[in-house]
Every structure is written in structure tokens, then in C-alpha cells.
Amino acid sequence: QVQLVESGGGLVQAGGSLRLSCAASGRTFGTTAMGWFRQASGKEREFVGVIAWNGRNTFYADSVKGRFTISRDNAKRTVYLQMNSLKAEDTAVYYCALEPNDYGTPYRVYEYDYWGQGTQVTVSS
């Protein structure tokens, strides 16, 4: 089984920054897409961004484009989400997800096979 653990969440003022990390353990595949999703209380889980296996191709939701940046370190099996210019509406539980054997940049919840437990990000304004 693949296990994903997010970290780096917390409380931040609007306009501030946070960097989330997601470490993978257990059996992983040679080619994986790594995505970030978020879910605000009482709302559906929504796509944030994804980075392809090669660490170059990325795709972001319009709501975060230009503010958030995804990167990955395949040797460490870790993906990062750098969040800048945070807004109150960014408040949510943030989840990382892994899709094995995917060369692209999936953006639907149902496309992912493995999920972390989530980390809370709260932006005050």
C-alpha cells in the first residue's frame, strides 16, 4: 500500500505564505502524478493543482493560478505546495493524492487512487 502524509498546515494571516509537504511511503510506482486538493467545511473536495511524473508539467485551478506552485522531489518521494498571497477563501483541509502510472496531469477526484489524511490551512482576514 501507498501512504501519503501531509504536513505544514497552520494558521496564517491573509496575504501570507505557507508551504505544504506530502511524503509518500510504501510501494510507489515509477510514474506518478501528484495532486493537491482541498475541502472547506461543508463543501465538496476541489482540485487545486497537479504535477506530472516528470516534475515539469503542471496544471492549476483558476482560483490558485499564479499564487500556488507545485514541485516534487522524486528521490525523496515528496511533493510540495507553495502557497503565496493567501486569501480567506483558501481556508480548507488540504489533501495530497497520488495516481500511479499516469504521465499526464489528472484533475478529477475520482482519477486518484491514494490520498493523505489532510492538513488544515486556516487563513484569517
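Above: the structure in question.
A brief report on the enclosed structure follows. (Residues numbered from 1 in each chain as written. Predicted model: local features only at pLDDT ≥ 70, side-chain atom pairs only at ≥ 80, totals over all residues. Heavy atoms only, no water.)

### Description of the side chain of T78
Then step 1. Inspection of the secondary structure assignment puts T78 in strand β8 (residues 78-83).
Then step 2. For T78, the side chain forms a polar contact with the main-chain oxygen of K76, separated by 3.0 Å.
Then step 3. If sequence neighbours within four positions are ignored, T78 has contacts with S21, C22, A23, S71, R72 and D73. (Helix = DSSP H or I, 4+ residues; strand = E, 2+ residues; numbered from the N terminus. Polar contact = N/O pair within 3.5 Å; in protein donor to acceptor, adjacent residues only side chain to side chain. Contact = heavy atoms within 4.5 Å.)

### Quick notes on the nonpolar core
Then step 1. In this structure, L4, W36, F68, L81, M83 and Y94 are the most contacted members of the largest nonpolar core, which totals 33 residues.
Then step 2. Elements represented by at least two residues in this core include exactly β1 (2-7), β3 (18-26), β4 (32-39), β5 (46-51), β7 (68-73), β8, β9 (92-100) and β11 (119-124). (Core = buried A, V, L, I, M, F, W, Y, C linked by side-chain atoms within 4.5 Å. Buried < 20%, exposed > 50% of the residue type's maximum accessible area, 1.4 Å probe, protein only.)

### A closer look at the sheet that holds β8
Then step 1. Here we have four strands laid out as an open sheet, ordered β1-β3-β8-β7, and antiparallel in their pairing. Whereas interior strands pair on both sides, the edge strands pair on one side only; in this sheet they are β1 and β7. With strand direction ignored, the average angle separating the axes of adjacent strands in the sheet is 15°.
Then step 2. Of the pairings in the sheet, the one linking β1 to β3 comprises six bridges and is antiparallel in character. Bridge pairing in β3 places L4 opposite A24. (Pairing = 2+ DSSP bridges. Axes fitted to C-alpha atoms, helices over the stretch in contact; angles between N-to-C directions.)

### Concerning the packing of aromatic side chains
Then step 1. One pass over the structure, following the stated rule, counts seven aromatic pairs.
Then step 2. Ring geometry for F59 and Y107: centres 5.6 Å apart, planes at 65°, overall edge-to-face. With F59 in strand β6 (residues 58-60) and Y107 in the loop between β9 and β10 (114-115), this pair connects stretches of sequence that are 48 residues apart.
Then step 3. Among the residues examined, Y107 registers a relative accessible area of 39% and is labelled partly exposed.
Then step 4. In this structure, R45 packs its charged tip against the face of W115, placed 4.9 Å from the ring centre. (Phe/Tyr/Trp six-rings, centres within 6.5 Å; stacked < 30°, edge-to-face > 60°. Lys NZ or Arg CZ within 6 Å of the ring centre and 35° of its normal.)

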